[in-house]
Amino acid sequence: MTHDKQVALVTGGNRGIGYELVKQLSLSGFNVVLASRDHEMGNKAVQKLKELNLDVSCIEMDVSNHESITQAAITLNEQYGRLDVLINNAGVYLDENENLLTMDPSILQKTMETNFLGVYHVMRSFIPLMEKQGYGRIINISSEYGAMSEMSSPRVGAYKLSKFALNALTRLVAAETKGDIKINAVDPGWVSSDMGGPSAPRTPREAAESILWLATIGSEGPNGGFFKDGKQIPW
């Protein structure tokens, strides 16, 4: 493992889109850190990738736990001393057929803790590593469900609100962060995964390809944008 290569961190990297993002980043020459809430599952994913001769390591991090995030940032700093790319991929989708005011409030709380506050605390903990070198690329995995236009249709309220808040967070932090640090949100589309289900039309590899271009944009690249398939879409 070399320390002169760029370092990328992917949350929720042990399966689905996250696993494919880890794989493709490593194939592109990054030292990739796979963050997983379950350390055993994370290590199993890493072993599969190492069998492909990929440069990947695992770090335990629960994005709904502030202490876990803080410790992961300390560990990554000790091991690498840098972070170049951060992909906030970990998320939950718990309310497919629920109405906002009749669902168990704990569903909304857990959704917001993971999809919104989790990303907030991850960025708050890891952006200082990017600021040390004046460079970084952050990609927040969002959804078109988070667009304002989606708020006029019923159901999936917790998920929609969490992604709406995530989109706003992306723009706010992008506006506040100094240096060559680009922060953007991406809708990967409907993907065949544990979250998207087996009938989804898009594979994790296709989704990863639609995301990863933002990991290597130059200083002239977009900042604070919301994208799908390489095109900016309305908030």
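These notes cover the structure that comes with them. Please read these numbers as outputs of a predicted model, since none were measured by experiment. (Residues numbered from 1 in each chain as written. Predicted model: local features only at pLDDT ≥ 70, side-chain atom pairs only at ≥ 80, totals over all residues. Heavy atoms only, no water.)

### Let's talk about the overall build of the protein chain
- Helix and strand counts for the protein chain come out as six helices and eight strands.
- In the protein chain, the succession of α and β elements from N to C terminus is β-α-β-α-β-α-β-α-β-α-β-α-β-β.
- Its C-alpha atoms put the protein chain at 50 × 35 × 35 Å along the principal axes.
- Considering the protein chain as a whole, with its 235 residues, one finds that 51% of them fall into the buried category. (Helix = DSSP H or I, 4+ residues; strand = E, 2+ residues; numbered from the N terminus. Buried < 20%, exposed > 50% of the residue type's maximum accessible area, 1.4 Å probe, protein only.)

### Digging into the pairing of strand β5 (residues 135–141)
- Within β5, seven of the seven residues are buried, leaving the element largely enclosed by the surrounding structure.
- A two-sided burial pattern is seen for β5, the buried positions comprising Tyr135, Arg137, Ile139 and Ile141 on one face and Gly136, Ile138 and Asn140 on the other.
- Note on the crossover from strand β4 (residues 85–88) through helix α4 (residues 105–133) to β5: the handedness is right-handed.
- Across seven bridges, the pairing between β5 and strand β6 (residues 180–186) is parallel. By the bridge assignment, Tyr135 is partnered in β6 with Asp180.
- For the segment spanning β5, helix α5 (residues 157–176) and β6, crossover handedness is right-handed. (Right-handed = clockwise from strand over helix to strand, strands pointing away. Pairing = 2+ DSSP bridges.)

### Considering the packing of aromatic side chains
- For the coordinates displayed, the defined rule picks out three aromatic pairs.
- Seen from their ring centres, Tyr93 and Tyr159 are 4.8 Å apart, and the 85° between their planes marks the pair as edge-to-face. With Tyr93 in the loop between β4 and α4 and Tyr159 in helix α5, this pair connects stretches of sequence that are 66 residues apart.
- By relative accessible area, which is 24% here, Tyr93 ends up partly exposed.
- Taking the centre distance of 6.1 Å and the plane angle of 80° together, the rings of Tyr145 and Tyr159 count as edge-to-face. (Phe/Tyr/Trp six-rings, centres within 6.5 Å; stacked < 30°, edge-to-face > 60°.)

### Considerations on the packing of helix α1 (residues 16–27) against helix α6 (residues 204–212)
- Two elements in contact, α1 and α6, have axes separated by 9 Å at closest approach and are oriented at 60°. Between α1 and α6, the angle is such that the two are oblique. As for how α1 packs across α6, the hand of that crossing is right-handed. Residue-level contacts link Gly16, Ile17, Glu20, Leu21, Gln24 and Leu25 of α1 to Pro204, Arg205, Ala207, Ala208, Ile211 and Leu212 of α6.
- Its residues assigned to classes, the contact of α1 with α6 shows eight nonpolar, two polar and two charged. (Axes fitted to C-alpha atoms, helices over the stretch in contact; angles between N-to-C directions. Parallel < 35°, antiparallel > 145°, perpendicular 65-115°, else oblique. Left-handed = near helix turned anticlockwise from the far one by under 90°. Contact = heavy atoms within 4.5 Å. Nonpolar A, V, L, I, M, F, W, Y, C, P; charged D, E, K, R; others polar.)

### Here's the deal with empty space enclosed by the protein
- Tallying each qualifying case throughout the model produces one cavity of 30 Å³ or more.
- Considering only enclosed or pocket space, the largest cavity measures out at about 30 Å³ in volume.
- Considering every element that reaches the lining of the largest cavity, the biggest residue donor is α4, with four residues.
- Classifying every residue of the lining of the largest cavity by side-chain character gives four nonpolar, five polar and no charged. (1 Å grid on protein atoms, 1.4 Å probe; cavity = no way out; pocket = protein on both sides within 12 Å on 5 of 7 lines; lining within 4 Å. Points joined across faces, edges and corners; volume = space filled by probe spheres on them.)

### Things to note about unusual backbone geometry
- Not every positive phi belongs to a glycine, and Arg155 is a case in point at roughly 75°.
- Look at Val156: it is not a glycine, yet its phi comes out positive at around 55°.
- Residue Val156 is classed as buried on the basis of its relative accessible area of 5%.

### Here we look at the nonpolar core
- Judged by nonpolar contacts, the single largest core of 30 residues is most densely connected at Leu21, Leu25, Leu34, Val56, Ile87 and Ile139.
- Listing elements by their share of this core, those giving two or more residues are β1 (7–11), α1, β2 (31–36), α2 (39–50), β3 (56–60), β4, β5 and α6.
- Setting aside residues no more than four positions away along its own chain, Ile139 makes contact with Leu86, Ile87, Asn88, Asn184, Val186, Ile211, Leu214 and Ala215. (Core = buried A, V, L, I, M, F, W, Y, C linked by side-chain atoms within 4.5 Å.)

### Focus on the sheet that holds β5
- Across the sheet, eight strands lie side by side as β3-β2-β1-β4-β5-β6-β7-β8; this open sheet has mixed pairing. Two strands bound the open sheet, and with one partner strand each, they are β3 and β8 (231–232).
- Inspection of the sheet shows β6 paired to strand β7 (residues 226–228) by two bridges, in the parallel sense. Residue pairing in the sheet places Val186 in a bridge with Phe227 of β7.
- Where α1 meets the sheet, it contacts β1, β2, β3 and β4, and its direction lies at approximately 170° from that of β1.
- Relative to β6, α5 is tilted by about 165°, and along the sheet it contacts β5, β6 and β7.

Nothing here speaks to function; it is all geometry.
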